[in-house]
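Now for the letters of each chain:
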Amino acid sequence: MATPIPLRVLEGHARAYRHTWRGTTIGAIATPVLFLTAMGLGLGQLVDDRGTGALGELSYLAWLTPGLLAASAMQAGAADGTFPVLAGTRWVKTYHTAVASPVRPRDLHLGNLLWAAIRISVIGVVFVVVAAAFGAVPLHRGLLALGPAVLTGVAFCAALSAGVVLLLRDQFLAGLNRFVVVPLFLFSGTFFPVEQLPPAAGAIARALPLWHGVELTRALALGTSPALAWPVHLGVVVALLVAGVVAGTVTFDRRLRP
Amino acid sequence: MPPVVEARALTKRFGTFTAVDGIDVEVARGEAFGFLGPNGAGKTSAMRMIGAASPVTDGHLRVLGMDPETHGAEIRARLGVVPQEDALDQELTVAENLAIYGRYFDLPRAVIRERIDELLEFVQLSERRRQRVDPLSGGMKRRVVIARALINDPEVMLLDEPTTGLDPQARHVLWDRLFQLQQRGITLLLTTHYMDEAEQLCDRLVVMDAGRIVAEGGPSALIAAHATREVVELRLGPEADAPASVALLEGTGHRVEALPDRILVYADDGDALVREVHARGLQPTAVLTRRATLEDVFLRLTGRALVD
Ligand SMILES: Nc1ncnc2c1ncn2[C@@H]1O[C@H](COP(=O)(O)OP(=O)(O)OP(=O)(O)O)[C@@H](O)[C@H]1O
Ligand SMILES: [Mg+2]
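The written sequence of each chain sets the order in which its residues are numbered from 1. By the order in which they are written, chains take letters starting at A while ligands take numbers starting at 1. Two thresholds apply to this predicted model, a pLDDT of at least 70 for residue-level local features and 80 or more for giving and counting side-chain atom pairs, whereas whole-chain, interface and lining totals are computed over all residues. Note: side-chain values were computed over all heavy atoms of the structure, leaving out hydrogens and water.

A. View of the site of ligand 1. What makes a residue near a molecule or strand is one non-hydrogen atom of that residue sitting within 4 Å of it. As a matter of local geometry, ligand 1 sits amid 15 residues, with Gly40, Lys43, Thr44, Ser45 and Gln84 of chain B nearest to it. Ligand 1 sits at the junction of chains A and B, each of which supplies nearby residues. Any pair of N or O atoms that falls within 3.5 Å is considered a polar contact. Within protein, one atom must be able to donate a hydrogen and the other to accept it, and sequence-neighbouring residues count only if both atoms are side-chain atoms. In this structure, Asn39 of chain B approaches ligand 1 through a side-chain N or O atom, which is 2.9 Å from an oxygen atom. Contact distances for ligand 1 include 2.7 Å between an oxygen atom and a side-chain N or O atom of Thr44 of chain B. The Shrake-Rupley method, run with a 1.4 Å probe, gives the accessible areas here. Residue values count only the displayed protein chains as cover. Considering ligand 1 on its own, with 630 Å² of exposed area, one finds that the protein chains cover 64% of that surface. Ranked by residues supplied to the shell around ligand 1, first place goes to helix H1 (residues 43-50) of chain B with three residues. Only DSSP runs of H or I covering at least 4 residues are called helices, and only runs of E covering at least 2 are called strands; the numbering of each starts at the N terminus.

B. Broad picture of the nonpolar core. The set of buried Ala, Val, Leu, Ile, Met, Phe, Trp, Tyr and Cys residues whose side-chain atoms join them within 4.5 Å is what this entry labels a nonpolar core. For each residue, the accessible area found with a 1.4 Å probe, counting protein chains only, is set against the maximum for its type, and the residue is called buried under 20%, exposed over 50%, and partly exposed in between. Residues Leu108 of chain A together with Phe35, Ile151, Met157 and Leu189 of chain B are the most contacted members of the largest nonpolar core, which totals 151 residues. No other element matches helix H2 (residues 60-80) of chain A, which puts 12 residues into this core. Residues from two domains meet in this core; each of domain 1 (5-216) and domain 2 (228-292) of chain B gives at least three. Residue contacts are counted whenever heavy atoms from the two residues lie within 4.5 Å of one another. Setting aside residues up to four positions removed in sequence, Leu108 of chain A forms contacts with Val9, Tyr95, Ala98, Val99, Val103, Phe252 and Leu256 of chain A. Membership of the second largest hydrophobic core comes to 11 residues, among which are Leu236, Ile263, Val265 and Leu273 of chain B. Each domain span listed reflects an automatic or database assignment of domains.

C. Inspection of empty space enclosed by the protein at higher detail. Residue and element names in this part refer to chain A. The definitions used throughout rest on a 1 Å grid laid over the protein atoms alone, on which a cavity is an enclosed set of points accommodating a 1.4 Å probe that cannot get out and a pocket is an open set flanked by protein within 12 Å on both sides along at least five of seven lines; lining residues are those having an atom within 4 Å of a point. Grid points are joined across faces, edges and corners, and a volume is the space filled by probe spheres set on the points. Enumeration according to the criterion identifies two cavities of 30 Å³ or more in this entry. Volume-wise, the largest cavity comes out at about 50 Å³. Considering the residues around the largest cavity, the lining is formed by Leu69, Ser72, Ala73, Ile120, Ile123, Gly124, Phe127 and Leu146. For the lining of the largest cavity, the elements supplying multiple residues, two or more each, are H2 and helix H5 (105-133). For the lining of the largest cavity, the element with the highest residue contribution is H5, accounting for four residues. In this model, the second largest cavity occupies a volume close to 40 Å³. In terms of lining residues, the second largest cavity is bounded by Thr65, Pro66, Leu69, Phe127, Val128, Val137, Gly142, Ala145 and Ala221. Take the lining of the second largest cavity: its biggest share by element is three residues, from H2. Each residue belonging to the lining of the second largest cavity can be placed in one class, and the counts come to seven nonpolar, two polar and no charged. In the scheme used here, Gly and all other residues not listed as nonpolar or charged are polar, with Ala, Val, Leu, Ile, Met, Phe, Trp, Tyr, Cys and Pro taken as nonpolar and Asp, Glu, Lys and Arg as charged.

D. Examining the sheet that holds strand S10 (residues 230-235) of chain B more closely. All names here are of chain B. Strands pair, by our definition, only if DSSP identifies at least two bridges between them. Taken in spatial order, the four strands of this open sheet run S11-S12-S10-S13, and their pairing is antiparallel. At either end of the open sheet lies a strand with only one pairing partner, and these are strand S11 (255-258) and strand S13 (286-291). Within this sheet the neighbouring strands show an average axis-to-axis angle of 20°, counted without direction. The pairing of S10 with strand S12 (residues 263-267) spans five bridges and is antiparallel. Note that in S12 the partner of Glu233 across the bridge is Leu264. Orientation is described by axes fitted as lines to C-alpha atoms, over the contacting stretch for helices, and by angles from 0 to 180 degrees between their N-to-C directions. Of the strands in this sheet, S10, S11, S12 and S13 touch helix H11 (residues 294-302), which is tilted by about 100° from S12.

E. Spatial organisation of the pairing of strand S3 (residues 32-36) of chain B. All names here are of chain B. Among the five residues of S3, five are classified as buried, and the element is accordingly described as predominantly covered. Of the two faces of S3, both are covered, the one formed by Ala32, Gly34 and Leu36 as well as the one formed by Phe33 and Phe35. Across five bridges, the pairing between S3 and strand S7 (residues 187-192) is parallel. If you follow Leu36 over to S7, its bridge partner there is Thr192. Pairing geometry for S3 and strand S8 (residues 204-209), over four bridges, is parallel. Residue pairing in the sheet places Phe33 in a bridge with Arg204 of S8.

F. Quick peek at helix H9 (residues 209-222) of chain A. All names here are of chain A. For a helix, the expected span equals 1.5 Å multiplied by the residue count minus one. Over its 14 residues, H9 extends 20 Å from the first C-alpha to the last, a length consistent with the 20 Å expected when each residue adds 1.5 Å. Along H9, 12 of the 14 residues are buried, which leaves the element largely enclosed by surrounding structure. Taken residue by residue, H9 has Pro209, Leu210, Trp211, His212, Gly213, Val214, Glu215, Leu216, Thr217, Arg218, Ala219 and Ala221 as its buried positions. In this structure, the buried side of H9 is in contact with H2, helix H6 (139-164), helix H7 (172-187), helix H8 (199-207) and helix H10 (230-256). Trailing H9 by a residue or two, Gly223 shows a phi angle of about 70°, which is positive.

G. The coordination of the magnesium ion (ligand 2), seen in detail. All names here are of chain B. Metal sites are built from N, O and S donor atoms within 2.8 Å, or 3.2 Å for Na, K and Ca, and they leave out water, so they may look incomplete. The magnesium ion (ligand 2) binds to the protein through Thr44 (OG1) and Gln84 (OE1); the donor distances cover 1.9 to 2.3 Å. Placement of the pair is Thr44 in helix H1 and Gln84 in the loop between strand S5 (79-82) and helix H3 (94-104), with a sequence separation of 40 residues. According to the relative accessible area criterion, Thr44 is partly exposed, its value standing at 25%.

H. A look at the sheet that holds strand S2 (residues 17-27) of chain B. All names here are of chain B. Overall, antiparallel pairing links the three strands, which are arranged S2-S1-S4 in an open sheet. Each of the sheet's edge strands pairs with one partner strand only, and the pair in question is S2 and strand S4 (58-63). Strand-to-strand twist across the sheet, computed as the mean angle between neighbouring axes with direction ignored, equals 25°. Here eight bridges tie strand S1 (residues 5-14) to S2, and the two strands are oriented antiparallel to one another. Across the sheet, Phe14 pairs through a bridge with Phe17, a residue of S2.

This is the structure:
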């Protein structure tokens, strides 16, 4: 039986990965672990001494860990949705090579997302194991919380790649990181509850998909209920994923089959 | 068996710009067929439609008897494509580039390993198998791309400017490989803006200019039809009066063509013409008599030089 085409693309990623994993994965794992140490343990001491009523009487470390998990997954997904896509369309043009074979543009998009799902899962597992070793989260709860975190990361990857594939210049990249990824990372209920923001900013943060992903991840990690009903949060993240997949099917085709 | 390519009034537009303007092409199995034309003529655009990698805007196209619109993947499975840009993954080894591409065709891994051995042997790069692509020379990279295009054992190869940018020796190595492929029965479709390449490799070719086909035929037939047997190139000194010289040359050959740096005179007998030139009192600084080439055909048909 023929191998589904997106899986052939996935296999290509896996083969290429042997040469690139050092650069991409070590950073993706080290960064959240550094944050966990600095923020969770260092800053956490200060926060805990002041009282953590706003966090539901949890230690700051316990509260922060799932937020960091979801936000790091988003960041990894965003990275996979930008640099490799630009390499494929502009820097190395490997996508142009691929679409001369039976691979279609949409297979590339789907194969990329499968690869992102695997990569984000691996990064997430390492993060959860480290966090559990810190005593920041019970291991089984952390692994459970991986589900929505990975979903969030893949959804961001899908949405970003759908747009980035159309880029004709690189300049946009720095802006994307500075004005989209970093603010999301900081203000989506990752490091502090969105209630701490001014009301207008809080409303914006609640409308952004990452906040919903963070809420789901945190609820599973802590065994609590999320801010809104489960289906609402899940619906927003899944909607982002579906929109990214559908839009990417169109934009990959437009770019790669001129 | 259906022809490899059957195109009628094939058209490609990007927005309002027409890149391929209603071309008719038919390529038979086993042929080596060329698109010759200058930059922007529409060669790549035509090749990409034939390669089922770009939708047809208008007209009729069948590749291996199939419609690229509905059978794109089936067509691409039987083609070997050498794109204008190598697009090799520079970080990976030669073998990995081939293996990843081979998996896109769903070839079994064992088959891929065997073919990589054979193909690297064929393009004389066996000892580079495990080396990264990045440090290879331009000619070697081009050979890797040819090996990559052959991984699925294609019936037809589409080669977009296979030797552009390579030194003469590397070009000859490539021409030799391509000739061998044709001997094996593989149909070759190639684009080029080198007339010597077209003359070397093509049984038949079309000359394209601004999206249209301006001439079609075998290389020697095209030369016979659109140029004389010989061409005399005259270089005049910098202070020479070119228009006056052209007027003086009137009637010496079949046709006189003034280029910025020289004057071409087309004649059946070059030596006789040179004597006539001197007899008329013209004193060129250099005289070269050569055989007519496709370059002259192109100049004749479009009034412009092929490579600028
Ligand atoms: N994707 C595109 N969008 C808009 N215009 C395009 C596109 N691709 C090609 N063109 C235009 O179509 C014309 C023909 O281009 P094409 O690449 O087919 O020419 P070519 O004969 O292959 O030239 P070259 O020898 O430079 O490779 C050019 O004017 C080019 O700018
Ligand atoms: Mg071209």
